[in-house]
Amino acid sequence: MMGLGFFVVEVAGHRYIYHDGDQGGFSSELLIDRAGRSASILAVNTTDTGAPEPATTLHPQSNTEPDPNTDLRQTLRTVLIETVFPAYAKAP
């Protein structure tokens, strides 16, 4: 059985609700800007095949704590927050 959880991130005093994930071959991001009355869903293909890496190349960091310098989801979220949402935000 599975459940769906949501996370909150605040950027420059603005709150966003999101859920993201990745698995062999794809990465996705759901991001909601309640104050701006907008949301986005991104689904992208990746080069990750899902095959296990050799034990010597595995990193100790979990999938739920992605490296902000290398994780595609972090990059996509930053573009949405800094560029896309401000362009489409609705006035309250």
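Here, every reference points to the structure presented above.
Residues numbered from 1 in each chain as written. Predicted model: local features only at pLDDT ≥ 70, side-chain atom pairs only at ≥ 80, totals over all residues. Heavy atoms only, no water.

Participant: How should the overall build of the protein be read in this particular structure?
Facilitator: Along the backbone of the protein there are one helix and four strands. Reading the protein from its N end, one meets helices and strands in the order β-β-β-β-α. Out of the 92 residues belonging to the protein, those deemed buried represent 22%. In the protein, of all internal contacts separated by at least 6 residues, the share reaching a separation of at least 24 is 40%. For the protein, the accessible surface area stands at approximately 6900 Å², while carbon and sulfur atoms represent 58% of it. (Helix = DSSP H or I, 4+ residues; strand = E, 2+ residues; numbered from the N terminus. Buried < 20%, exposed > 50% of the residue type's maximum accessible area, 1.4 Å probe, protein only. Contact = heavy atoms within 4.5 Å. Areas by Shrake-Rupley, 256 points an atom, 1.4 Å probe, with all protein chains shown as cover.)

Participant: Before we go on, may I ask you to explain the nonpolar core in this structure?
Facilitator: One broad rule of soluble globular proteins: the nonpolar side chains tend to lie buried together. Y16, Y18, L31, L80, I81 and F85 together form the largest nonpolar core, which totals six residues. Elements represented by at least two residues in this core include exactly β2 (14-23) and α1 (72-88). Here this core takes three residues from α1, the largest share from any one element. (Core = buried A, V, L, I, M, F, W, Y, C linked by side-chain atoms within 4.5 Å.)

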